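Chain residues, written in single-letter form:
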Amino acid sequence: MSDLFLARHGETEWSRSGRHTGWTDVPLTEHGREEARRLVPLIRSHRIGASFVSPAQRARETAELIGLHGTRVDTDLREWDYGGYEGITTVEIQAERPGWFLFRDGVAPGPPDHPGETPEQVGERADRMLAKVDAAFANTEGCVVLVAHGHFLRVLTARRLGLPPSHGALFQLATGTVCRLSTEHGRPVISGWNVRPGP
C-alpha cells in the first residue's frame, strides 16, 4: 500500500486567533496562501493516485495552490461541527466551562443545521473517509492526498492507527503542514508529522 498524505489548509484569520472554525467559510490569509505554496515540493515529488478535499474554501484553495488536479470534494472531510462553540476560542469556553477538552467532552449544542458533533461522530466520518482512501489505493497507483482541517485530520490519524477518536488529541497539527501515514510490516505508522519545507 502506498502512503497517505494529510495536508492541513493554510492559515486563516480564525486559525491565527484560535477560534473554532467548523462550518464558517473563512478564507486563507496571504500568509496562509504562502504556506500552501510552500507545500508543493513535499506533495508533487510523489506519484499521486487520488486526492480528496474538504468543501471549505480554505481547503479547496490550499489544494489548488499545492497544484493538485482532479481532486474530489468530499463532505466527510469537513471540519468538526463545533455546534455552539463555533467561532469561540478554547480560553473563552474554559472560562465558562473549566477543564473543558474538545476530544473528551465534545461541544455545546448549536443551531438545527449545525447541532455539533461528538468525538465518536467525527470518528465515524473519519472511518468512512478511510474506507474511500482504501478503495482509491485498490483502484489506482500512487499515494493518496487528503486536504482538510486540523481537528478532523487528527481524529482520522487516530482511527488509521486503530485508536479511539479521542486519541486525536495526541497529534498536534499546525496550518500549512503535511503528514505522512505509511505502513511498517503491514501495520499503519506515522512516517512524517507537521512537516514543512526547509528555508
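Structure's up top.
Residues numbered from 1 in each chain as written. Predicted model: local features only at pLDDT ≥ 70, side-chain atom pairs only at ≥ 80, totals over all residues. Heavy atoms only, no water.

1. A look at the sheet that holds strand E2 (residues 48-53)
Phase 1: Pairing within the open sheet is mixed, and its 6 strands lie in the order E3-E2-E4-E1-E5-E6. The sheet terminates laterally at strand E3 (72-73) and strand E6 (187-195), the two strands that pair on one side only.
Phase 2: Seen against the sheet, helix H4 (residues 57-66) touches strand E1 (4-8), E2, E3 and strand E4 (143-148) and runs at an angle of roughly 135 degrees to E4.
Phase 3: Of the strands in this sheet, E1, E2, E3 and E4 touch helix H7 (residues 119-139), which is tilted by about 150 degrees from E4. (Pairing = 2+ DSSP bridges. Helix = DSSP H or I, 4+ residues; strand = E, 2+ residues; numbered from the N terminus. Contact = heavy atoms within 4.5 Å. Axes fitted to C-alpha atoms, helices over the stretch in contact; angles between N-to-C directions.)

2. What to know about the packing of aromatic side chains
For any pair of aromatic rings, the description consists of the separation of the ring centres together with the inter-plane angle of the planes.
Phase 1: Inspection of the entire model under this criterion finds 4 aromatic pairs.
Phase 2: Consider the rings of tryptophan 80 and phenylalanine 103, whose centres lie 5.6 Å apart with planes at 85 degrees: the pair is edge-to-face. Highlighted residues: tryptophan 80 in the loop between E3 and helix H5 (90-96) and phenylalanine 103 in helix H6 (residues 102-105), separated in sequence by 23 residues. Each of the two residues, tryptophan 80 as well as phenylalanine 103, counts as buried.
Phase 3: Ring geometry for tyrosine 85 against tryptophan 100: centres 5.3 Å apart, planes inclined by 80 degrees, an arrangement best described as edge-to-face. Pair noted here: tyrosine 85 is in the loop between E3 and H5 and tryptophan 100 is in the loop between H5 and H6, with a separation of 15 residues, a long-range link. (Phe/Tyr/Trp six-rings, centres within 6.5 Å; stacked < 30°, edge-to-face > 60°. Buried < 20%, exposed > 50% of the residue type's maximum accessible area, 1.4 Å probe, protein only.)

3. Description of the state of the cysteines
Phase 1: This structure, assessed with the given rule, holds 0 disulfides.
Phase 2: Take cysteine 143: it sits in no disulfide, and the sulfur closest to it among the cysteines is that of cysteine 179, at 14 Å.
Phase 3: We classify cysteine 179 as buried; its relative accessible area is 1%. (Disulfide = S-S within 2.5 Å.)

4. Let's talk about the pattern of salt bridges
Phase 1: Enumeration according to the criterion identifies 16 salt bridges in this entry.
Phase 2: For the salt bridge of arginine 33 with glutamate 61, the shortest nitrogen-to-oxygen distance reads 2.7 Å. Of this pair, arginine 33 sits in helix H2 (residues 30-37) while glutamate 61 sits in helix H4, and the two are 28 residues apart along the sequence.
Phase 3: Classification of glutamate 61 by relative accessible area gives partly exposed; the value is 21%.
Phase 4: One salt-bridge network, held together by shared partners, links Glu30, Arg33, Glu34, Arg37 and Glu61. (Salt bridge = Lys/Arg side-chain N within 4 Å of Asp/Glu carboxyl O.)

Just distances and angles here, no functional claims.
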